[in-house]
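Spelled out, the chains give:
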Amino acid sequence: MEYERSAVESMVNGFTILITGGTGFLGSHLANRLSNENEIIILKRSYSDTWRIDCNENIKFYNIDKLGLETIFKDNKIDIVIHTATKYGRNNETIEELVESNYMFPIKILDNSLKTYVKTFINVDTVLPKFVNIYSLTKNHFTDWLKYYSSNMKIFNLKLEHMYGEKDSTTKFIPYIITSLLEEKNQLDLTQGEQERNFIYIADVAEAFKKIILQQSNYKNGLYEYEIGSEENIKIKDLVYKIKAIVGNTTTKLNFGAKSYRENELMKSRSNIEKFKKDFNWKPKVKLDEGLAKTIEWYRKRLGEKKGV
């Protein structure tokens, strides 16, 4: 059997949950948050970097480049699938790679879920309109398949606002700004920064998923769509100034307007989270200042460790 198992070889608590993208930012936070009460299975590749979850001994890993999906689903009685795996197109991926990752691969996961009687499928969607870029186009196309399969299982499609927190990639906007300011770069070239965005702390997102898992048995087969974000919006320019103040950086020059807006730039993103708050008795608890302070402290410590401080 081609899988990797950490020290704990058997857990019989709660549900058996399969997570795609479990070595990534969101997937790893979910795996770590849910593994105390549930058996967690993570799909990865043999060369995947597992640093975000290396300290967790309660996770079973399967290398999908060495073992077929059909075998993994047949060998485990999976109750819930959480699909977080995605490619954003930030690393010069081709259109074919984005289509395979964001469209074809999740269809295969859906199909295997149906064949093995998985009860609940939770999909991570985007708040971006369909035609903003290839990423949003592939994600939106996949929702048609969710509708198709929803007569045979409970499917929760979650449109997530911009997440931030510890252990995110420095290619993402907030970690990039934080690390650049911690390193006291001479200057940062930015757009005008008038875009308005909604940012939600990763622990609040993980709590939203936990609410669904605990209450999904109350739902019948069907497609349930929700938007999940925080209750506060902020302009990018104000966000950068806020991060700079919390970091305590007084040297880096912020060149707003040095960069042009992206093609099809979304100038205002705001989610309606009232339905999810009502249905699942959930609300975001971590305010932006608090979440940024926690995130900055994590990156400050990590940078210090790299420098041997």
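Here the structure is a predicted model, which means the values were calculated and not measured. (Residues numbered from 1 in each chain as written. Predicted model: local features only at pLDDT ≥ 70, side-chain atom pairs only at ≥ 80, totals over all residues. Heavy atoms only, no water.)

**Quick word on the nonpolar core**
- Counting residues in hydrophobic clusters, the biggest one holds 59 residues, and the most contacted among them are Ile82, Ile122, Phe156, Leu158, Phe209, Leu239 and Ile243.
- By size, the runner-up hydrophobic cluster in this structure holds 23 residues, among which are Ile64, Leu67, Ile78 and Phe121. (Core = buried A, V, L, I, M, F, W, Y, C linked by side-chain atoms within 4.5 Å. Buried < 20%, exposed > 50% of the residue type's maximum accessible area, 1.4 Å probe, protein only.)

**Some remarks on empty space enclosed by the protein**
- Counted under the stated rule, the structure contains one cavity of 30 Å³ or more.
- Taken as a whole, the largest cavity spans an internal volume of roughly 60 Å³.
- Along the walls of the largest cavity sit Ser230, Glu231, Glu232, Pro284, Lys285, Val286 and Lys287, which together make up its complete lining.
- The residue inventory of the lining of the largest cavity, partitioned by class, reads two nonpolar, one polar and four charged. (1 Å grid on protein atoms, 1.4 Å probe; cavity = no way out; pocket = protein on both sides within 12 Å on 5 of 7 lines; lining within 4 Å. Points joined across faces, edges and corners; volume = space filled by probe spheres on them. Nonpolar A, V, L, I, M, F, W, Y, C, P; charged D, E, K, R; others polar.)

**Some words on the environment of lysine 235**
- With respect to the element layout, lysine 235 can be found in strand 12 (residues 233–235).
- Distance in space between the C-alpha atoms of lysine 235 and glutamate 194 is 5.6 Å, their sequence separation being 41 residues. (Helix = DSSP H or I, 4+ residues; strand = E, 2+ residues; numbered from the N terminus.)

**Description of the side chain of serine 28**
- Mapped onto the elements of the fold, serine 28 is located in helix 1 (residues 25–34).
- Within the local environment of serine 28, its side chain forms a polar contact with the backbone oxygen of glycine 24, the two atoms lying 2.6 Å apart.
- One polar contact links the side chain of serine 28 to the main-chain carbonyl oxygen of phenylalanine 25, over a distance of 3.0 Å.
- When neighbours within four sequence positions are excluded, serine 28 is seen to be in contact with Gly21, Gly22, Thr23, Arg52 and Ile53. (Polar contact = N/O pair within 3.5 Å; in protein donor to acceptor, adjacent residues only side chain to side chain. Contact = heavy atoms within 4.5 Å.)

**Some remarks on the packing of helix 5 (residues 173–182) against helix 7 (residues 236–247)**
- Packing of helix 5 against helix 7 brings their axes to within 10 Å, and their N-to-C directions diverge by 40°. Between helix 5 and helix 7, the angle is such that the two are oblique. Note on packing geometry: the crossing formed by helix 5 with helix 7 is right-handed. Note on element contacts: helix 7 touches helix 5 through Ile236, Leu239, Val240, Ile243, Lys244 and Val247, opposite Phe173, Ile174, Ile177, Ile178, Leu181 and Leu182.
- Its residues assigned to classes, the contact of helix 5 with helix 7 shows eleven nonpolar, no polar and one charged. (Axes fitted to C-alpha atoms, helices over the stretch in contact; angles between N-to-C directions. Parallel < 35°, antiparallel > 145°, perpendicular 65-115°, else oblique. Left-handed = near helix turned anticlockwise from the far one by under 90°.)

**A closer look at the packing of helix 3 (residues 95–115) against helix 4 (residues 134–149)**
- Relative orientation of the contacting elements helix 3 and helix 4 amounts to 15°, with a least axis distance of 9 Å. Considering the angle they form, helix 3 stands roughly parallel to helix 4. Handedness of the helix 3/helix 4 crossing: right-handed. Facing Ile95, Leu98, Val99, Asn102, Tyr103, Pro106, Ile107, Leu110, Asp111 and Leu114 of helix 3, the residues of helix 4 in contact are Ile134, Tyr135, Thr138, Lys139, His141, Phe142, Trp145, Leu146 and Tyr149.

**Topic: the pattern of salt bridges**
- Enumeration over the complete set of coordinates arrives at 16 salt bridges.
- One salt bridge in this structure joins glutamate 265 and arginine 262, with 3.4 Å as the shortest N-O distance.
- Classification of arginine 262 as exposed rests on a relative accessible area of 59%.
- Here arginine 300 and glutamate 297 are joined by a salt bridge, their closest N and O atoms 3.9 Å apart. Of this pair, arginine 300 and glutamate 297 both sit in helix 9 (residues 288–307), separated by three residues, roughly a single helical turn.
- Looking at arginine 300, the relative accessible area reads 35%, which means it is partly exposed.
- Among the residues examined, glutamate 297 registers a relative accessible area of 46% and is labelled partly exposed.
- Overlapping salt bridges, with partners in common, bring together Arg197, Arg262 and Glu265 in one network. (Salt bridge = Lys/Arg side-chain N within 4 Å of Asp/Glu carboxyl O.)

**Some words on the layout of surface pockets**
- In this model, the second largest pocket occupies a volume close to 210 Å³.
- For the second largest pocket, the lining is made up of 15 residues, of which Thr170, Thr179, Tyr299, Arg302 and Lys306 are closest to its centre.
- Contributions of two or more residues to the lining of the second largest pocket are made by helix 5 and helix 9.
- Along the lines of polarity and charge, the residues of the lining of the second largest pocket split into five nonpolar, four polar and six charged.

**Notes on the environment of glutamate 232**
- Considering the arrangement of structural elements, one finds glutamate 232 in the loop between strand 11 (222–228) and strand 12.
- As a C-alpha pair, glutamate 232 and asparagine 198 span 34 residues in sequence and 6.4 Å in three-dimensional space.
- Leaving out residues up to four positions away in the same chain, glutamate 232 has contacts with Arg197, Asn198, Phe199, Lys287 and Leu288.
- A distance of 2.9 Å separates a polar atom in the side chain of glutamate 232 from the backbone nitrogen of leucine 288.

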